[in-house]
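# Results of the structural survey
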Amino acid sequence: MKPARHWTSALALAWIAAAGPAWAAEDAAPSAPAWSGAITGYYYAMRDQPDFGVGIASLDRGALHLEARYNYEARDSGSAFIGWKFAGGDTVSFEVTPIIGGLFGAARGVVPGLEASVGWRSFDFYIEAEYVRDLEDSSASYYYAWSELGWKPVEWLRVGIAGQRTRLVDNSRDFQRGLFGQIIVGKATLGVYAFNPDSGSRYVIVSFGAEF
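This structure is a prediction, so every number in the text was calculated from the model and none was measured. (Residues numbered from 1 in each chain as written. Predicted model: local features only at pLDDT ≥ 70, side-chain atom pairs only at ≥ 80, totals over all residues. Heavy atoms only, no water.)

### Details of unusual backbone geometry
Even without a glycine there, the phi angle at Asn71 is positive, about 65°. In this structure, Asn71 sits in the loop between strand 3 (64–70) and strand 4 (77–84). Here the phi dihedral of Asn196 falls at roughly 50°; this positive angle occurs in a residue that is not glycine. Within the secondary structure layout, Asn196 lies in the loop between strand 12 (188–195) and strand 13 (203–211). (Helix = DSSP H or I, 4+ residues; strand = E, 2+ residues; numbered from the N terminus.)

Below, the structure written as structure tokens:
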């Protein structure tokens with residue numbers, strides 16, 4: 001009986017030794033990145049022209065970035081983009097996402113661009129910049145940008161200054177500038193932007209966004 005127990009124990013140990021690396025390899029295998037996304041709506045409350053809305057939706061999986069917009073580059077027009085995200089940093093974190101897309105609807109064009117952010121402690125800077133190449137009228141091509149410099153004094157509040165260069169707003173200022181405040185509750189954000197508060201061309205943007 002003793003030899004039988006000896007060989008049984010030896011076979012069990014050999015099986016465990018052979019299966020161990022396979023288990024470890026299975027546990028170490030990286031899982032596929034999950035999809036995440038966000039949707040944001042902006043309501044432009046204008047003082048001297050009709051109000052209008054802007055919508056943005058995005059999907060991310062790993063470094064892949066997909067985005068769709070409406071009324072963003074031009075009225076009654078939609079756009080769709082694909083991009084690749086590069087991120088890093090510890091004390092100072094950053095994300096840079098080159099994008100390329102198309103504009104369709106009332107306006108048609110090719111739109112290369114860049115989305116980037118930098119964060120340090122409770123401060124952050126964000127910019128969206130793109131060049132709209134109009135396919136129907138090259139003289140109508142233009143450069144667009146939206147930027148924010150924000151500060152979070154507490155986790156649920158973000159305040160700062162904003163600026164944008166856009167053709168959606170028709171006034172004498174080439175660059176629109178203003179202040180903003182955002183309230184953050186979980187994955188939802190409510191924001192209010194006051195642009196050109198020192199002039200007769202002032203307007204307010206109310207935004208609501210959610211991540212999923």
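Additional details are given in the paragraphs that follow.
### Here we look at the pattern of salt bridges
Side chains that carry opposite charge are capable of pairing whenever their charged atoms lie near each other. Counting across every chain of the model gives 12 salt bridges. Across the salt bridge formed by Lys85 and Glu95, the nearest N and O atoms sit 4.0 Å from each other. One end of the pair, Lys85, is in the loop between strand 4 and strand 5 (86–88); the other, Glu95, is in strand 6 (residues 92–105), and 10 residues separate them in sequence. Residue classification places Lys85 among the partly exposed positions, given a relative accessible area of 24%. By relative accessible area, which is 35% here, Glu95 ends up partly exposed. (Salt bridge = Lys/Arg side-chain N within 4 Å of Asp/Glu carboxyl O. Buried < 20%, exposed > 50% of the residue type's maximum accessible area, 1.4 Å probe, protein only.)

### What about the pairing of strand 2 (residues 52–61)?
Here strand 2 shows one buried face, formed by Phe52, Val54, Ile56, Ser58 and Asp60, and one open face, formed by Gly53, Gly55, Ala57, Leu59 and Arg61. Here 10 bridges tie strand 1 (residues 35–45) to strand 2, and the two strands are oriented antiparallel to one another. Residue pairing for strand 2: Tyr42 is matched across the bridge by Val54. Hairpin geometry of strand 1 and strand 2 is characterised by an intervening segment of 6 residues between the two adjacent antiparallel strands. Two strands pair when backbone bridges link them, and strand 2 and strand 3 are joined in this way by 7 bridges, in the antiparallel orientation. Considered in strand 3, the bridge of Leu59 is made with Leu66. Counted between consecutive antiparallel strands, the loop separating strand 2 from strand 3 contains 2 residues, among which Gly62 sits at a positive phi close to 65°. (Pairing = 2+ DSSP bridges.)

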